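# Remarks on the overall topology
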Amino acid sequence: MIKNIILFIAVVTFTFAENKRLSFEDVQGKSPFKYPSLGIITWFPNENAFLTKVNNDLFKVSVSSFDTTLFLSESDFKVSSNTITNNRQSAPSRQTIEDLDQPMKPSNFVFSSDGSTLLFATNKEKVWRRSFYGTYYFMNINSKKISPLTENNKRLRNVKFSPDGKKIAYIREDNNIYSYDILKNKERQLTRDGSESILNGHFGWVYEEEFGSFDSYRWSPDSKKIAFLQEDQSSVPIFMLFDEIKLYPKLTKIRYPKAGQNNPTMTLYISDVRRGKPKKIDVGVTLDKYFPWMKWTDNDSLVLMKMNRLQKEWKFLNINAKTGKYTSGLSESDPSGWVQMHRNYYFLKNDNILWMSERDGWHHIYIHKKDGSIVKQLTKGEWEVKRIVDIDEKNKKVYFISNKETVFENRFYSVNFDGTDLKLLTKESGSHSIRMLPNLDGFIDSYSSINTPTRHLLKDINGKSISVIKETNKSQFEAYDWSYPKIIQFESTDGTISLDGIVTYPPNFKRGSRYPVIVHGYGMPGTQIVYNRWGSVWNQYLAQQGYIVFSMDARGMSGRGEEFKNLSYGDMSKYLSKDTAAGVRHLVDIGVADPDRIGAWGWSGGGYFTGLMLTKNADLFDVGVSVAPVMDFRLYDTIYTERSMGLPQNNKAGYDSTSVLTYVDRFKGKLLVMHGTGDDNVHSQNMTWLIEEFVKHDKQLDVFFYPNRPHGMSGGKARKNLYRKMINYFNDNLLNRKQIKSKS
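Residues numbered from 1 in each chain as written. Predicted model: local features only at pLDDT ≥ 70, side-chain atom pairs only at ≥ 80, totals over all residues. Heavy atoms only, no water.

Here we come to the sheet that holds strand β28 (residues 374-377). Sheet architecture is open: 4 strands sit in the order β25-β26-β27-β28, paired in antiparallel fashion. Whereas interior strands pair on both sides, the edge strands pair on one side only; in this sheet they are β25 (345-347) and β28. Put simply, the sheet's adjacent strands are angled 25° from each other on average, direction ignored. (Pairing = 2+ DSSP bridges. Helix = DSSP H or I, 4+ residues; strand = E, 2+ residues; numbered from the N terminus. Axes fitted to C-alpha atoms, helices over the stretch in contact; angles between N-to-C directions.)

Glancing now at the layout of surface pockets. Its boundaries defined by the atoms lining it, the second largest pocket holds a volume of some 730 Å³. Lining the second largest pocket, in full, are P45, N46, R218, W293, K295, R343, Y345 and D390. Residue composition of the lining of the second largest pocket, by class: 3 nonpolar, 1 polar and 4 charged. (1 Å grid on protein atoms, 1.4 Å probe; cavity = no way out; pocket = protein on both sides within 12 Å on 5 of 7 lines; lining within 4 Å. Points joined across faces, edges and corners; volume = space filled by probe spheres on them. Nonpolar A, V, L, I, M, F, W, Y, C, P; charged D, E, K, R; others polar.)

Backbone geometry places N46, a non-glycine residue, at a positive phi of 65°. For N46, the location among the structural elements is in the loop between β1 (42-43) and β2 (49-54). Overall, N46 belongs to the exposed group, its relative accessible area being 70%. Positioned with a positive phi, M713 is a non-glycine residue whose angle comes to about 60°. As for its position among the elements, M713 is in the loop between β44 (702-706) and α12 (718-735). (Buried < 20%, exposed > 50% of the residue type's maximum accessible area, 1.4 Å probe, protein only.)

As a further point, take the sheet that holds strand β30 (residues 397-402). Reading across the sheet, the 4 strands line up as β29-β30-β31-β32 and stay open at both edges, with antiparallel pairing between neighbours. Every interior strand has two partners, whereas the edge strands, β29 (385-392) and β32 (423-424), have only one. Direction of pairing for strand β31 (residues 411-416) relative to β32: antiparallel, over a ladder of 2 bridges. Counted as the bridge partner of S414 is K423 from β32.

So, about the packing of helix α5 (residues 537-545) against α12. Between α5 and α12, the shortest axis-to-axis distance is 12 Å and the interhelical angle comes to 30°. Judged on the interaxial angle alone, α12 and α5 are roughly parallel. Considering the relative orientation of α5 and α12, their crossing is right-handed. Two secondary-structure elements touch here, α5 through W538, Y541, L542 and Q545 and α12 through Y723, M726, I727, N731 and L735. Residue composition of the contact of α5 with α12, grouped by class: 7 nonpolar, 2 polar and no charged. (Parallel < 35°, antiparallel > 145°, perpendicular 65-115°, else oblique. Left-handed = near helix turned anticlockwise from the far one by under 90°. Contact = heavy atoms within 4.5 Å.)

Right, let's talk about a nonpolar patch on the surface for a bit. On the surface, I238, M240, F242 and L251 cluster together to form a nonpolar patch covering roughly 360 Å² of accessible area. The element contributing the most residues to the nonpolar patch is strand β16 (residues 238-243), with 3 residues. Exposure remark for M240: the relative accessible area of 38% places this residue in the partly exposed category. (Patch = residues over 30% accessible without salt bridge, like charges linked within 9 Å, V, L, I, M, F, W, Y side chains within 5 Å. Areas by Shrake-Rupley, 256 points an atom, 1.4 Å probe, with all protein chains shown as cover. Salt bridge = Lys/Arg side-chain N within 4 Å of Asp/Glu carboxyl O.)

So, on to α12. In this model α12 runs 24 Å from its N-terminal to its C-terminal C-alpha over 18 residues, within 8% of the 26 Å that 1.5 Å per residue would give. Looking at α12, one finds that the buried residues are A718, L722, Y723, M726, I727, Y729, F730, N731, N733 and L734. (Expected span 1.5 Å × (residues − 1).)

With that settled, the discussion passes to the environment of Y170. Along the chain, Y170 turns up in strand β10 (residues 167-171). Judged by relative accessible area, which is 0%, Y170 ranks as buried. It is 9.7 Å that separates the C-alpha atoms of Y170 and L149, two residues lying 21 residues apart in sequence. Within the structure, Y170 has its side chain in polar contact with the side chain of E187 (distance 2.6 Å). (Polar contact = N/O pair within 3.5 Å; in protein donor to acceptor, adjacent residues only side chain to side chain.)

Here we come to empty space enclosed by the protein. Applying the stated criterion across every chain yields a total of 2 cavities of 30 Å³ or more. Looking at the largest cavity, its volume works out to about 70 Å³. Taken together, 13 residues form the lining of the largest cavity, with G521, Y522, M552, T580 and F609 sitting closest to its centre. Tallied by class, residues from the lining of the largest cavity come to 8 nonpolar, 5 polar and no charged. In terms of lining residues, the second largest cavity is bounded by G523, M524, P525, R555, G556, M557, S568, M572 and L576. Its residues assigned to classes, the lining of the second largest cavity shows 5 nonpolar, 3 polar and 1 charged.

By themselves, these are just geometric observations and shouldn't be taken as functional.
See the structure below:
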């Protein structure tokens with residue numbers, strides 16, 4: 001009897017211990033969960049090994065065996081007179097060697113092509129989303145001698161080795177391009193007209209943010225020339241950010257083209273690195289054109305992408321660097337929507353181009369000739385190629401990510417150049433991210449699913465698993481009563497299409513009871529939110545507070561072909577509002593959602609989504625938390641907005657229909673809007689316009705500004721404060737309303 005009692009107590013104790021609940025500190029403070037990560041990988045040239053940083057030491061990891069050896073220790077980066085090589089042109093008083101005999105904190109490691117030299121940065125200072133300034137050094141691997149990159153190595157940006165590893169190019173604060181000869185210890189200035197508004201070799205804010213790169217120069221394969229774009233921002237209107245933390249406000253000016261306003265203009269130059277005098281290249285009309293990508297295909301041939309402002313078409317200009325002349329080549333167009341700029345272009349040795357196109361209505365892989373004529377379509381069907389990971393030209397194979405198995409998953413495949421032997425290389429259900437090995441004889445597969453937290457596997461080139469590199473311990477989540485999300489389908493209101501959603505129920509969910517719902521949305525054109533992958537801890541926390549958490553993909557989002565995506569064109573709010581309403585009503589109709597307790601939250605585009613739901617869909621939504629939102633897309637930038645909306649001058653009705661301000665008169669719930677005053681991406685001006693509209697309609701709005709915080713609200717305890725404010729707002733205004741028992 002006593003034994004049975006002890007056993008009962010032990011079982012009960014174990015049960016309660018294994019069913020803990022997440023606290024706010026667990027999700028916004030110190031996490032109780034451990035996630036294995038491979039970190040930032042820098043591949044060694046021409047071998048299946050990578051460099052990884054652990055604390056302040058660098059290790060070399062051999063992928064085949066995953067043997068790890070110390071490559072460079074923290075002490076190897078200790079700055080002293082013995083480890084620093086004085087360049088001949090350097091004056092000791094000017095040389096940037098801070099904190100002698102103190103270890104550096106290096107990052108952004110790049111090997112020269114032969115692996116003999118390692119370039120790295122210290123003292124990084126963020127500029128915009130991707131760009132940064134840094135203090136740069138390079139190390140001779142054999143001797144471990146460290147040299148500063150030129151006499152003044154501070155505040156350099158866009159720093160790159162030449163292909164032969166003998167030179168390094170970079171941009172200084174004067175917005176000019178420089179080249180440094182490592183062997184001769186000699187710097188050469190390649191441009192001299194850089195200024196606040198003239199940018200050589202790097203893009204300004206809007207290209208960096210929306211085309212995904214700040215880099216606008218390329219070394220030629222023989223390391224003798226640099227092709228670069230010069231960006232003239234002088235006609236771009238200036239937006240100003242105010243820093244009011246100090247006694248007197250500080251002003252930051254940004255050349256930021258809002259929808260319909262003047263864009264920067266581009267000019268292409270090619271510079272002979274030995275002579276340093278750039279030659280202007282005629283690329284035709286440049287006004288209202290974009291030039292987001294270029295690549296050398298041989299020592300004297302450059303390909304430049306030229307795109308029209310509405311992003312409905314682009315073409316390649318095949319430029320002869322010797323003559324400066326060009327011919328038109330490959331092109332893409334989408335009259336009903338917009339074209340993609342994905343950088344998945346491979347120039348083969350026979351001058352053909354292997355790339356990804358949406359021209360048959362779905363993203364697929366093609367081979368075209370240089371002049372744009374088709375050779376072969378490699379993949380076909382009502383599914384999408386998401387990304388070309390790599391090609392093996394010797395064996396004539398393409399390796400790519402696709403949603404062929406299901407729209408909810410990204411899997412890894414291969415196909416021959418002739419379109420035969422399409423092969424699935426990742427058998428495991430879920431969403432996969434792939435790192436190809438440099439020798440193309442295997443890959444690292446990182447994947448997760450709704451039911452499986454992240455695993456990192458080493459596989460051979462045919463997809464056979466060789467070893468488990470790292471995997472997440474699933475039991476740690478189950479100890480916290482983890483609720484596994486479910487993917488659901490439901491009909492649109494008009495009954496013309498089936499839509500996809502993902503729902504997370506509270507751990508104690510019971511059929512017959514209705515629960516408050518929080519819809520986490522984004523919904524921007526061409527994006528996707530419903531995936532079979534491991535869920536977020538914040539969603540779990542909300543579920544454990546007693547909410548059903550719901551997300552969905554409306555018409556106009558991605559993964560289901562060009563026609564589906566283009567439904568957002570001209571009015572991104574049309575189907576976003578209709579289809580989200582259909583999703584919420586579905587949850588009400590099946591008896592799980594309380595129709596009087598419907599909430600929404602989102603960040604950035606999701607902040608817009610939230611504002612739209614609380615105004616345009618005010619009949620359904622009761623409470624919202626909107627973070628860093630666009631409230632009227634006339635306030636957002638040209639490239640992103642005009643891609644799916646056109647020009648506001650030509651589409652007033654569409655912009656009005658998309659604007660949250662248009663529907664403020666319908667508002668009848670509770671809305672909290674939070675924004676950082678230092679947000680260079682989505683300006684807090686959006687909140688100002690929203691407040692003014694609420695005043696006009698005598699409506700009440702809750703607002704909170706985070707001083708000087710950027711779009712991601714980093715800095716101090718801002719993000720923690722924001723999430724605490726969010727959960728308190730939902731609990732006070734949504735959770736604590738009376739729960740309705742469903743009718744049986």
